[in-house]
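Survey of secondary and tertiary structure
One letter stands for each residue in the lines below.
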Amino acid sequence: MNTIFKLSAIALSTFMAMSFSAHAEDKTAPEAESEAVVGAGVFYGPEYVGAKKNRFGPAIFGEYKNKNGFFASTTRGVGFAKKVDDFNFSAAVGYRAGREDSRTSTSLFSSDDLKGMGDIKGSATANLHAGTNIAGLINATVDANLALSNRENGNMYRFGLSAPLLQTNTDKVEIGASLNYGDAKYNQTYFGVTPTQSTNSGYKAFTAKAGFSQAVSTVAWTHVIDKNWSVRTAAGVSQVIGDAGDSPLTKKKTNPLVITTVNYAF
């Protein structure tokens, strides 16, 4: 179970900014006391951000929401959400997966190209979110992913925009884009090379300063089969930028990202 959790947490965190709401809303129906969605599928993406090689892995999604604002989600963590006029806010406790310096079957963020860099331990995180809808069309979001444990891993912030291209009773197509900003600790942890790591790995020493590290663009298609079942597929491109793009660990700046899940709502 721990292995599945680690695989899924890493895979789905790549598309954290994407919405996994799979079913069309019935504006005439009263608000349900609670709702839940579970999903399972497959993920394809780089071994780590900036890796040369890609890999497949399982993607498992689950989210429970209560109308009082409480939620528990594999992508958002456990917390509360609140809507105020046209703005929505949430605060949760979650988990940021680590990285291993040799390829393993229990972590999607693992690569033999990282030998000698040492493992990065996962962090408990505070996940803060704010979003709004612009002109009834564009969703704008800001997220903060703050390390609560292993705080040397640093903090990451995401700025996102998304908009629907097509929406019918059974299908919804959306496009989205996001920018990740890491503080100095975050960027050094994931893209920097200390003198000790340089000696152990053979990579030249490199200091990564605070700044934007990754840009992601996606297109997602949700197909509703019936009131319970749906299929969601998202494909995207990840671009490593800034100091992260100049890191000796970044062997390929542009990587594909694909995830597809079959979802059941109840």
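A brief look at the structure comes next.

Definitions and cut-offs
- Residues numbered from 1 in each chain as written.
- Predicted model: local features only at pLDDT ≥ 70, side-chain atom pairs only at ≥ 80, totals over all residues.
- Heavy atoms only, no water.
- Helix = DSSP H or I, 4+ residues; strand = E, 2+ residues; numbered from the N terminus.
- Buried < 20%, exposed > 50% of the residue type's maximum accessible area, 1.4 Å probe, protein only.
- Contact = heavy atoms within 4.5 Å.
- Areas by Shrake-Rupley, 256 points an atom, 1.4 Å probe, with all protein chains shown as cover.
- Pairing = 2+ DSSP bridges.
- Axes fitted to C-alpha atoms, helices over the stretch in contact; angles between N-to-C directions.
- Phe/Tyr/Trp six-rings, centres within 6.5 Å; stacked < 30°, edge-to-face > 60°.
- Lys NZ or Arg CZ within 6 Å of the ring centre and 35° of its normal.
- Polar contact = N/O pair within 3.5 Å; in protein donor to acceptor, adjacent residues only side chain to side chain.
- Arc of directions from axis to C-beta.
- Core = buried A, V, L, I, M, F, W, Y, C linked by side-chain atoms within 4.5 Å.

Glancing now at the overall build of the protein chain. Across its full length, the protein chain holds four helices and 12 strands. Each of the 266 residues in the protein chain was classed as buried or not, and the buried ones make up 45%. A sequence separation of at least 24 residues applies to 59% of the contacts in the protein chain between residues at least 6 apart. For the protein chain, the accessible surface area stands at approximately 13,400 Å², while carbon and sulfur atoms represent 60% of it.

This paragraph deals with the environment of Arg-151. Within the element layout of this structure, Arg-151 appears in the loop between β7 (138–147) and β8 (156–167). On the accessibility criterion, Arg-151 (59% relative accessible area) is exposed. Considered as a pair, Arg-151 and Lys-185 are 34 residues apart in the sequence and their alpha carbons are 8.5 Å apart.

Quick look at the pairing of strand β9 (residues 171–182) now. With 11 bridges joining them, β8 and β9 adopt antiparallel strand pairing. Bridging from a neighbouring strand, Gly-160 pairs with Ser-178 of β9. Here β8 folds back onto β9 in antiparallel fashion, the turn holding three residues. Summarising the sheet, β9 and strand β10 (residues 211–224) pair through 12 bridges and their orientation is antiparallel. Bridging from a neighbouring strand, Asp-171 pairs with His-223 of β10.

In space, the 12 strands of this closed barrel follow the order β1-β2-β3-β4-β5-β6-β7-β8-β9-β10-β11-β12, with antiparallel pairing throughout. Pairwise comparison of adjacent strand axes, ignoring direction, gives a mean angle of 20° for this sheet. Pairing analysis gives four bridges linking strand β3 (residues 70–73) to strand β4 (residues 77–84), with the strands arranged antiparallel. Counted as the bridge partner of Phe-71 is Gly-79 from β4.

For the rest of this paragraph, the subject is the packing of aromatic side chains. By the definition in use, this model includes nine aromatic pairs. Through a chain of ring-to-ring contacts, the aromatic side chains of Tyr-64, Phe-70 and Phe-80 assemble into a single cluster. Its end group placed over the ring of Phe-71, Arg-76 keeps NZ or CZ at 3.9 Å from the ring centre. Here the guanidinium or amino end of Arg-99 rests over the ring plane of Tyr-48, the centre of that ring lying 5.8 Å away.

Here we come to the side chain of Asn-153. In this fold, Asn-153 is placed in the loop between β7 and β8. Of the polar contacts made by the side chain of Asn-153, one reaches the backbone oxygen of Lys-121; its length is 2.8 Å. Once residues lying within four places of it in the same chain are set aside, the contact partners of Asn-153 are Arg-96, Ile-120, Lys-121, Gly-122, Ser-123, Lys-185, Tyr-186, Thr-189 and Tyr-190.

The subject of this paragraph is helix α2 (residues 184–191). All of the buried residues along α2 are Tyr-186, Asn-187, Thr-189, Tyr-190 and Phe-191. Along the axis of α2, the buried positions cluster into a sector of 160°, meaning they face one direction only. Next to the buried residues of α2 lie β5 (87–96), β8, β9, β10, β11 (229–240) and α4 (242–246). For α2, the N-terminal cap is Asp-183; the gap from its side-chain oxygen to the backbone nitrogen of Lys-185 is 3.3 Å.

One finds Leu-114, Met-117, Tyr-190, Phe-191, Val-193, Tyr-203 and Leu-249 to be the most contacted residues of the largest nonpolar core, which totals 16 residues. Leaving out residues up to four positions away in the same chain, Leu-114 has contacts with Tyr-48, Arg-99, Glu-100, Asp-101 and Leu-249.

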